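Here is how the chains run, residue by residue.
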Amino acid sequence: MSAATFKIWRGDTKGGAFEDYTTEVSEGMVVLDAVHDIQSTQANDLACRWNCKAGKCGSCSAEVNGMPKLMCMARLSDLPLDKPITVEPIKAFPIVKDLITDVSWNFRVKKKIKKFKPRAPDAADGTWRMAQEDIDRVQEFRKCIECFLCQDVCHVLRDHRKHDEFIGPRFLIYVAALEMHPLDTENRIPELREAQGIGYCNITKCCTKVCPENIQITDNGIIPLKERVVDQYYDPVAKLLRRFGSKKNV
Amino acid sequence: MLDGYLAGLENFLVAAYQTFEHDVLIIGAGGAGLRAAIEASAAGVTVGLVSKSLLGKAHTVMAEGGVAAAMGNVDDRDNWRVHFADTMRGGQYLNRPRMAELHAKEAPERVHELEAWGAVFDRTKDGRILQRNFGGHKYPRLAHVGDRTGLEMIRTLQDHGIHQGIDVHMEICILALLKEGDRVVGAFGYDRERGRFKIYRAKAVVLATGGIGKAYKITSNSWDCTGDGHSLAYHAGAELIDMEYVQFHPTGMVWPPSVRGMLVTEGVRGEGGILTNKEGKRFMFDFIPDNYKTQTADNEEEGWRYTQGDKNARRPPELLTRDHVARCIVREIKEGRGSPHGGVFLDISWIKQKISGGEEHIKRKLPSMYHQFKALGDIDITREPMEVGPTTHYIMGGIHVDADTQMSTVLGLFAAGECAAGINGANRLGGNSLSDLLVFGKRAGEYAAAFAKENSLGAIDQQQIEQVTRRALEPFERSANPQSEGPYQVQKHLQEVMQHDVGIVRREEEMQHALEEIGKLWERAGQVGITGTRDFNPGWHTALDLKHLLTVSEAITRSALERKESRGAQFRDDYPDKDDAFAKVNTIISRDAEGTMQTRLESIPEMPDYLKKVIEEMK
Ligand SMILES: Cc1cc2nc3c(=O)[nH]c(=O)nc-3n(C[C@H](O)[C@H](O)[C@H](O)COP(=O)(O)OP(=O)(O)OC[C@H]3O[C@@H](n4cnc5c(N)ncnc54)[C@H](O)[C@@H]3O)c2cc1C
Ligand code: SF4
Ligand code: SF4
Ligand code: FES
């Protein structure tokens with residue numbers, strides 16, 4: 001068994017610094033295992049979030065060697081262990097302690113997005129009919145585990161701190177999933193353009209690159225949404241059609 | 001004078017501890033807690049929902065295979081009667097019949113409701129909700145979304161719930177239930193972020209805290225499965241039932257060590273995956289129990305046709321109940337026919353011989369499994385077999401509740417989901433948990449709201465709060481003592497004891513040994529020391545969870561000792577057969593006046609004739 005050194009950011013709202021920890025490395029180990037080992041033997045108060053340790057809950061987001069990642073899916077064998085591995089909290093949200101940030105903004109943002117509003121049921125027994133090919137795209141967006149790694153890398157939030165004017169890639173695809181849901185009858189396009197700030201996105205695709213669920217956030221979600229915004233606001237034909245027909249089919 | 005002191009203390013406590021008031025307080029935000037919260041708030045009462053982790057991260061998010069509901073979309077012979085009979089047979093008739101009945105009848109409506117709230121299940125060709133095969137279910141019954149059904153379910157409930165006026169308190173851990181006389185009147189806990197104590201006053205409380213997997217070393221469960229609800233209820237005077245019944249899922253990952261225990265969904269077998277030993281033999285064909293013989297394929301061809309939807313074919317033996325498959329795997333390993341890392345092989349790649357485009361088919365049907373093995377084990381499941389072995393997965397036992405209302409044996413205290421018991425008996429069928437969360441989550445919310453409407457807020461016992469606070473803070477004081485050990489060591493030792501002594505194969509001496517060890521671990525838990533502050537301190541949190549882990553471990557062990565037979569998930573080497581004396585009883589755990597754990601047997605309520613008839617017809 002070999003050993004590896006981890007430089008883990010320790011601190012809180014008042015400030016902090018990297019501290020070195022050395023731990024044994026065994027086959028198949030992930031960064032979260034190392035953090036747990038350090039917790040249980042060297043620093044019981046080292047704070048990190050995790051739930052599933054299986055890449056399913058999106059709790060353990062952090063920056064490993066500067067790359068936003070789920071710690072539970074970051075294999076040590078994919079990292080250069082001859083140098084110390086840095087582990088630090090994500091940057092788009094205020095620090096709480098060590099690897100933990102205050103992500104509550106995300107929950108507040110979601111609450112402001114208009115909820116799902118289905119059309120009347122298709123069948124007498126109160127159920128609907130949908131074809132698989134019509135829901136593939138929505139299912140892609142619904143794979144999101146809310147790890148907020150995409151929010152972390154988006155420069156609009158990370159660098160420009162536009163949290164009051166822009167909802168970030170996570171919630172753009174949340175809106176996309178609702179808008180493209182075959183049963184939904186709500187219209188979320190006006191807010192998207194205004195309060196939710198879709199115009200801030202300049203399609204850098206950084207969000208798509210870090211998504212652990214491989215959701216094509218930009219190509220499949222944001223770009224079609226931008227098109228809908230353009231349609232609804234500047235395309236009189238689309239606007240007219242929409243007034244009489246279902247917006248879903250335009 | 002005493003009055004003055006108490007009044008002073010009360011003022012001090014109110015100032016020291018933020019206090020919240022809700023008509024109904026729900027502890028736990030997994031599927032059961034969220035569903036209960038939605039229902040209670042729909043009934044017009046105020047609802048508080050607390051959870052140890054962030055919203056949407058509860059263990060439910062991990063569920064893979066699907067939610068069982070006899071909608072009959074894929075096979076129209078399915079209906080609640082078949083589902084009821086399957087559930088009872090799977091549970092070896094130790095289930096509470098009324099719960100199994102309500103569950104089978106109400107699950108379809110609960111699933112349809114999710115669709116109305118935005119869930120997007122996989123579809124049949126005619127556009128309805130698709131259903132898949134799963135162990136112990138006679139017909140394809142599990143509504144699903146690929147192999148991430150739990151995520152779909154929790155997200156749907158979460159996204160619907162946040163618009164229902166529910167007060168959500170995230171990252172709050174409840175330490176104790178508060179009582180006034182015989183009634184539960186609230187809960188006391190701390191916020192993980194800053195370690196500040198909080199009082200939650202409520203007219204009714206619903207426990208929905210999930211499972212106990214973290215009592216074992218090898219488990220598929222997430223960190224919050226430390227049996228808190230079981231333990232909170234027990235210490236508040238409620239009864240627990242069937243605690244010996246822990247489900248060991250037959251297929252967990254065994255390699256690499258860091259992922260040992262991680263679940264490999266039964267969906268793999270539902271899609272045609274086969275179990276083989278190192279000789280390449282499909283060993284499950286050799287061990288088909290008598291009561292399943294008529295329903296099980298006796299050749300590979302028929303088994304394959306079943307997985308591909310042939311209504312005239314019978315299920316392959318890989319899809320027998322979990323307790324049975326897990327034991328067969330253990331036998332293969334013990335008798336030296338296991339895989340290199342101490343498991344057996346599970347192969348889905350072979351279906352490429354049967355279906356053109358098999359590789360894409362596997363990736364589409366089992367995307368998370370493909371990803372999980374690729375990313376964590378360097379294995380491509382479309383090309384090579386997986387190595388799997390049993391993992392601690394679920395507890396059938398839990399808080400003893402009334403079938404209709406979900407009220408526990410303590411007034412004002414309700415429970416739903418994995419922490420409650422009765423529906424599963426001696427073994428749970430896959431998919432019956434997610435449906436359980438919906439059916440009984442709803443019922444708990446509904447009846448807790450009704451209870452809240454008829455009762456007012458109770459008084460808070462300041463002494464109790466003071467005592468809990470003092471205990472909770474003690475570990476910090478002990479850290480100065482160089483002899484004090486950390487909480488992780490105690491937790492790890494307990495997990496090893498439970499794994500070794502109260503696992504899949506059980507024996508009197510080993511379980512007695514476990515009890516002795518648990519006794520010592522109680523003492524050690526009372527001596528652990530913590531460094532650092534109260535701000536988000538995982539060591540401290542782990543220390544506080546020890547009480548719950550020890551309580552459930554003791555309850556499991558005592559119940560398992562009491563049931564001197566093998567039935568369902570309990571297999572005793574020293575009593576390898578079923579014993580009629582235990583055929584119609586549940587084990588009950590309760591706390592006596594001195595605080596000692598008591599075990600007794602209680603008869604299962606008689607099944608009404610109309611249900612007996614259903615069982616007869618479905619034989
Ligand atoms: C990997 C895996 C796959 C599964 N797949 C399936 C499947 O396909 N089909 C199926 O039917 N079942 C499946 N199960 C089982 C099923 O997922 C669980 O039984 C179910 O999700 C439990 O839900 P719950 O609502 O009871 O509790 P949980 O989802 O465990 O939620 C518990 C909640 O309680 C909170 N909590 C706990 N203690 C406290 C405390 N002290 N204070 C405050 N809050 C607390 C937690 O934070 C959490 O919010 C699977 C299980 C696993 C492990
Ligand atoms: S593509 Fe848009 S949303 Fe994504 S990171 Fe770039 S600017 Fe942000
Ligand atoms: S879209 Fe991807 S990166 Fe963003 S929160 Fe969801 S899963 Fe994470
Ligand atoms: S712990 Fe759940 S995603 Fe990492």
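Residues numbered from 1 in each chain as written. Chains lettered and ligands numbered in written order. Predicted model: local features only at pLDDT ≥ 70, side-chain atom pairs only at ≥ 80, totals over all residues. Heavy atoms only, no water.

Peer 1: In this structure, what is going on with the domain arrangement of chain B? I would like to understand it.
Peer 2: The figure often quoted for interface size is the accessible area lost as the parts come together. Residue and element names in this part refer to chain B. The domains assigned to chain B are domain 1 (263-392) and domain 2 (476-584). Taking only C-alpha atoms, the centre of domain 1 and the centre of domain 2 are 32 Å apart. In terms of surface lost to domain 2, no three residues of domain 1 exceed Asp323, Arg327 and Val330, which account for 67% of the buried area on that side. Inspection of the region where domain 1 meets domain 2 yields zero salt bridges. The interface formed by domain 1 and domain 2 holds one residue pair in polar contact (both at pLDDT 80 or more) in total. Those elements that provide at least two residues to the side of domain 1 that touches domain 2 are α9 (322-334) and β14 (386-395). Here the side of domain 1 that touches domain 2 is built from residues that sort into two nonpolar, one polar and three charged. (Domains from an automatic or database assignment. Buried area = accessible area lost by both parts, 1.4 Å probe. Salt bridge = Lys/Arg side-chain N within 4 Å of Asp/Glu carboxyl O. Polar contact = N/O pair within 3.5 Å; in protein donor to acceptor, adjacent residues only side chain to side chain. Helix = DSSP H or I, 4+ residues; strand = E, 2+ residues; numbered from the N terminus. Nonpolar A, V, L, I, M, F, W, Y, C, P; charged D, E, K, R; others polar.)

Peer 1: I would appreciate a short explanation of the pattern of salt bridges in the present structure.
Peer 2: One side chain can pair with another of opposite charge once the charged atoms of both are near each other. Residue and element names in this part refer to chain B. Summed over all chains, the structure comprises 85 salt bridges over all chains. Arginine 196 is paired through a salt bridge with aspartate 191; the nearest N and O atoms lie 3.0 Å apart. The exposure class assigned to aspartate 191 is buried, which follows from its relative accessible area of 6%. Measuring nitrogen to oxygen at the nearest pair gives 2.9 Å for the salt bridge that ties arginine 314 to glutamate 302. Here arginine 314, found in the loop between α8 (300-307) and α9, pairs with glutamate 302, found in helix α8; they are twelve residues apart in sequence, far enough to count as distant. Several salt bridges converge on common partners, so that one network encompasses Arg35, Glu39, Glu109, Arg110, Glu113, Lys442 and Glu446. (Buried < 20%, exposed > 50% of the residue type's maximum accessible area, 1.4 Å probe, protein only.)

Peer 1: Teacher, can you tell me more about the domain arrangement of chain A here?
Peer 2: All names here are of chain A. The assigned domain composition of chain A is domain 1 (2-100) and domain 2 (103-238). The C-alpha-based centres of domain 1 and domain 2 are spaced at 30 Å. In this assembly, 15 residues from domain 1 lie in contact with 18 residues from domain 2. Buried surface at the junction of domain 1 and domain 2, summed over both partners, amounts to about 1,200 Å²; 60% is from carbon and sulfur atoms. The largest contributions to the domain 1 side of the interface with domain 2 come from Pro68, Ala92 and Phe93, which together make up 45% of the buried area. For the pair domain 1 and domain 2, the interface holds one salt bridge. In this structure, the connection of domain 1 to domain 2 is made through seven residue pairs in polar contact (both at pLDDT 80 or more). Broken down by secondary-structure element, the contributors of at least two residues to the side of domain 1 that touches domain 2 are β3 (61-64) and β4 (67-70). Grouping the constituent residues of the side of domain 1 that touches domain 2 by class yields seven nonpolar, three polar and five charged. (Contact = heavy atoms within 4.5 Å.)

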